[in-house]
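# A closer look at the structure
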Amino acid sequence: MKKATKRLSLLLALVMMVTLFTACGSHVNTAAPSPSSPAATAGTAAKTVKTLKLEGGTDWGAPSPFLNESRGPGTAKMKLVFGSLLEKDETKDVSWLAESWSVSGNDYTFTLFKNAKFHDGKPLTTDDVAFSLDYYKIHPPVSNSLGSGNSYIVDHYTIIDKQKITITVKKATADTLSDLGSFVIIPKHIWEKVDDPNKFKGEGYLVGSGAYKCTKYEGATGSYEFTAFDGWCNGKPAAERILFVPVSNAMLAFTNGEIDITTLPADLMDKYTKDSTIGLVNKANDTGYKMLINFQKCPDFLKLELRKAIYSALDRQSVVDKVFRGAGSVGSAGYVPEGSIFYNKDVVKYSYDPAAAKAAFSGKKYSVTLLSADSGSDVAIAEIIRNNLEAAGITVKVAAYDSATRDKMINSGSYEFALVGNGGWGNNPPNYMRTIFSDVSKNKGGNPHSMGPIGYSNEEITRLAEGQMSETDFNKRIQMFKDLQLLVSKEIPLFVIANQSTYSMYRKDYYSGWMKTYAYQQAEQNRLSYMAR
Amino acid sequence: MKKVIILCAAFAAITLFFLYGATLYPHGSRLPSGASLEAPSALHLLGTDNLGVDIYAQLSSGFFRSMAIGLATAALAALLGGLLGIMAGYLGGRFDTAVSFLINILLSVPQLPIMIVVGAFFGQSTGNIIWIIAIFSWAPIAKQVRAKTRSVCGTRYVQLAESYGGGALYIIVRHMGRDIFPLLAINGIAVIGMAIIQESSLAYLGLSDPLAKSWGLMISKATAFSGIFFTDFWKWWILPPVFSLMLSVVCLRILARALESYFIKER
């Protein structure tokens, strides 16, 4: 019986994955399981705990849809407090505030849980969903899956009753269901009086619709406290409280039991992988570093031969060996990292050739400033790049700022060369190829996955990057991504330095619910990691 | 005097040790010269950091950087503190009140938090580090110089020189200088040590040139290395800059005290 259930679950998972890519126009009516249903719990066995403690110390903004920092840790905290219609598990989209949904052409109908409510006890209805859509159209949130302006994906909506709403999109694509399932629902009774959400910190600004309430936020110390919401409608939170506490040294804090999960340093891999009490979540090649050139400020580098020479100048293997301590790989010039099913192994590979780089830059006397974050790895990579480029004949000054400042400078174009590191390179499908490389979609939204080359334009890259969204045939879509990568590797709009593989390490005997979704590997940032499943 | 000579010799030995590392030692402090995190060996006396850059070469470069920043800061602070202290003590009146008020404010506010804010505002550069530290270092010098000037002003030989029509500059240089200038020199040396600590602190907090070979930055980078205290790397990556910092600052501090006792108490 168990075997049969498992097979059924696997079959269901496979079907759901295929429908994810082919749902558009296929009139599929899907009733997905809740996080606690058998299909979602296959292979997992997490118990509930009083407190889960994680490394804090960084201010990722208030967990409001308009105030969180546009990076994974900021979005993840906001999403603990504010619920969306759908969530993702290991293999497919699953219900979150919507207990079921169906797709018919451009119409996406969602049915909310009957007992869904906000943290202040007020019922959460389709009026709030409709209000959120209207509000986001005028005031795009930090993490925005709906688009804005002309690219706003929703055409109109129809409220059927308090529980059921049909959202009609302008054009259904392979990712529309995920996009509509991702925006967070805000309470109409609070936000309808707010004209400037980016400044609103008044009463109720953190009254959310998620499984956890934000009960404490101290930006100065980077401390957060989330408390399980008694009125949560879909399953049971796994912890009574989630604490993000400032620690001076994460490994020491983990060893002393001050935090329950941390990143396993590559140098300690042998020690901890042999420890049977330690559980690991592998995040293969999920963190990546790229170097951007602002071509408006450095127009000489629009010459392809100079960009090729920069690749020749960069000893990217040394980044893997010295900074990642061997845990990672040299970045694919096509951007999507090795290991992804979308990865194109036939992209152009640029090897380290300092002599060729030196010859290319001989007599040119370029001098640039490289913008970087001030964290350990970022500065170390910036130092390697500085050394490599100076060896090739380019004078480099490194300017390092905290991550938030660096991001703001990149988004405003205040840089010549910039080093950007972020997680989520293993996202599946790699839609960031559109938001980074498409001329019509890049540099919108402020997220590192939308930081593209300024002053560079390429029609064919844009056509492929935008076109893959409309392709509902899964295999054809993979091929489009591969063609796009090949073109990116040939044209070099930006430089992919390296990808880092990391492990999250936790104590199995205390809590083992940490999970990856089919689209995102960062276990600490996935909402289902904090649900009893 | 013997104590002063011994301490000067000790400081000269430290300088020579680092001079070798900065000049004749075969590895540079800027580029990698070995594998990542090599343990100390005959080839790399104090090992290498994660990028393969020699630690001894970095330490040596850091010493001269710290000393240069310390000397520049001390010169600026001594100039500003000496000038304002002498003028306040000699002129008295409203100017004295204003300078004393400024001194008391600077002595009463916590320096490091303000330095961090000012440093973050003006950006990462060695020049900024020097003037920021100097701004906060002149007040104790001015306070002591002002007090000394006032006490010397009351002596009969200064009053006599004034009654003979001696100008302010003449009286300060010829009659007050021998009492004030040793005080300035001693305080200046003390500022060097303090400036080294403050520069290291600001560098540790990321308010210095991010790629500078500074002791504070070395400590910062090493402690930020994931899991360093669970490996042996800390022994050659963290201990040498910490030890160098302590040794240099303690040596300068004791030298300043020995000079103080020689110039002010024994003479």
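Data block above holds the structure.
Below, the structure is looked at part by part. Everything quoted here is computed from the prediction, not taken from an experiment.

Along the backbone of chain A there are 16 helices and 20 strands. Here the C-alpha radius of gyration of chain A, 23 Å, is about what a compact globule of 533 residues would show, namely 24 Å. The C-alpha extent of chain A, read off along each of the three principal axes, is 70 × 55 × 55 Å. Within chain A, residue pairs in contact and separated by at least 24 positions form 73% of the contacts whose partners lie at least 6 positions apart. Looking at chain A as shown, the accessible area adds up to about 20,900 Å², and 51% of this sits on carbon and sulfur atoms. Of note, chain A has its 61 positive side-chain charges centred 3 Å away from the centre of its 55 negative side-chain charges.

All names here are of chain A. The strand order across the open sheet built from four strands is 2-12-10-9, with neighbouring strands paired in mixed fashion. Two strands close off the open sheet at either side, each with one partner strand: strand 2 (49-55) and strand 9 (212-218). Neighbour-to-neighbour, the strand axes of the sheet open up by a mean angle of 15 degrees, direction not taken into account. Two strands pair when backbone bridges link them, and strand 2 and strand 12 (residues 239-245) are joined in this way by six bridges, in the parallel orientation. Bridging across to strand 12, Leu54 finds its partner in Phe244. Sheet contacts for helix 3 (residues 72-81): strand 9, strand 10 (223-228) and strand 12; angle to strand 10, the most-contacted strand, approximately 30 degrees.

Our focus in this paragraph is the pattern of salt bridges. Residue and element names in this part refer to chain A. Going through the model one piece at a time under the given rule, you end up with 22 salt bridges over all chains. Measuring nitrogen to oxygen at the nearest pair gives 3.4 Å for the salt bridge that ties Glu240 to Lys50. Of the two residues, Glu240 is situated in strand 12 and Lys50 in strand 2; the sequence distance between them amounts to 190 residues. Under the relative-accessibility criterion, Glu240 is labelled partly exposed at 44%. Between Arg241 and Glu225 there is a salt bridge, and its shortest N-O distance comes to 2.7 Å. Residue Arg241 is located in strand 12, and its partner Glu225 is located in strand 10; the two are separated by 16 residues in the primary sequence. A residue is classified by how much of its surface remains accessible, and Glu225, at 15% relative accessible area, is buried. Linked by salt bridges that have partners in common, Arg71, Asp378, Arg406 and Asp407 make up one network.

All names here are of chain A. Following the criterion strictly, the structure yields 40 aromatic pairs over all chains and no others. The interplanar angle of 70 degrees and the centroid separation of 6.1 Å between the aromatic rings of Tyr135 and Trp191 together place this pair among those described as edge-to-face. With a gap of 56 residues between them, Tyr135 in helix 4 (residues 126-138) and Trp191 in helix 6 (residues 188-191) connect regions that are remote in the sequence. Overall, Tyr135 belongs to the buried group, its relative accessible area being 6%.

Residue and element names in this part refer to chain A. Counting residues in hydrophobic clusters, the biggest one holds 76 residues, and the most contacted among them are Leu85, Phe110 and Trp514. No other element matches the six residues that helix 4 contributes to this core. With residues up to four places along the chain from it excluded, the contact list for Trp514 reads Leu52, Leu54, Ile261, Val281, Tyr506, Ala523, Glu524, Ser529 and Tyr530. Membership of the second largest hydrophobic core comes to 73 residues, among which are Tyr289, Tyr366, Ile436 and Met480.

All right, on to the environment of Tyr366(A) then. Residues and elements named next belong to chain A. In this structure, Tyr366 sits in the loop between helix 11 (354-361) and strand 16 (367-373). For the pair Tyr366 and Trp191, spaced 175 residues apart in sequence, the C-alpha separation works out to 51 Å. If sequence neighbours within four positions are ignored, Tyr366 has contacts with Asp300, Phe301, Leu306, Phe361, Gly393, Ile394 and Thr395. Here Asp300 takes part through its side chain, which lies 2.9 Å from a polar atom of the side chain of Tyr366.

Attention shifts here to a nonpolar patch on the surface. Residues and elements named next belong to chain B. Residues Leu76, Phe121, Phe122, Trp131 and Ile135 make up a contiguous nonpolar surface patch of roughly 510 Å² in combined accessible area. Contributions of two or more residues to the nonpolar patch are made by helix 4 (111-122) and helix 5 (126-135). Among the structural elements, Phe122 can be located in helix 4.

Contacts between chain B and chain A engage 21 residues on the former and 23 residues on the latter. With both sides pooled, the region where chain B packs onto chain A buries about 2,000 Å², and carbon together with sulfur makes up 58% of that total. Considering only the surface of chain B that becomes buried against chain A, Leu51(B), Leu211(B) and Phe230(B) emerge as the three largest contributors, covering 36% of it. The salt bridge partner of Glu383(A) is Lys213(B), with a shortest N-O separation of 2.8 Å. The tally of links from chain B across to chain A stands at five residue pairs in polar contact (both at pLDDT 80 or more). Of the residues that constitute the side of chain B that touches chain A, the class distribution is 10 nonpolar, eight polar and three charged.

Rules and cut-offs
Residues numbered from 1 in each chain as written. Chains lettered and ligands numbered in written order. Predicted model: local features only at pLDDT ≥ 70, side-chain atom pairs only at ≥ 80, totals over all residues. Heavy atoms only, no water. Helix = DSSP H or I, 4+ residues; strand = E, 2+ residues; numbered from the N terminus. Rg over C-alpha atoms; globule rule 2.2 N^0.38 Å. Contact = heavy atoms within 4.5 Å. Areas by Shrake-Rupley, 256 points an atom, 1.4 Å probe, with all protein chains shown as cover. Lys, Arg positive; Asp, Glu negative; His and termini not counted. Charge placed at Lys NZ, Arg CZ, Asp CG, Glu CD. Pairing = 2+ DSSP bridges. Axes fitted to C-alpha atoms, helices over the stretch in contact; angles between N-to-C directions. Salt bridge = Lys/Arg side-chain N within 4 Å of Asp/Glu carboxyl O. Buried < 20%, exposed > 50% of the residue type's maximum accessible area, 1.4 Å probe, protein only. Phe/Tyr/Trp six-rings, centres within 6.5 Å; stacked < 30°, edge-to-face > 60°. Core = buried A, V, L, I, M, F, W, Y, C linked by side-chain atoms within 4.5 Å. Polar contact = N/O pair within 3.5 Å; in protein donor to acceptor, adjacent residues only side chain to side chain. Patch = residues over 30% accessible without salt bridge, like charges linked within 9 Å, V, L, I, M, F, W, Y side chains within 5 Å. Buried area = accessible area lost by both parts, 1.4 Å probe. Nonpolar A, V, L, I, M, F, W, Y, C, P; charged D, E, K, R; others polar.

Taken by themselves, the reported measurements are silent on function.
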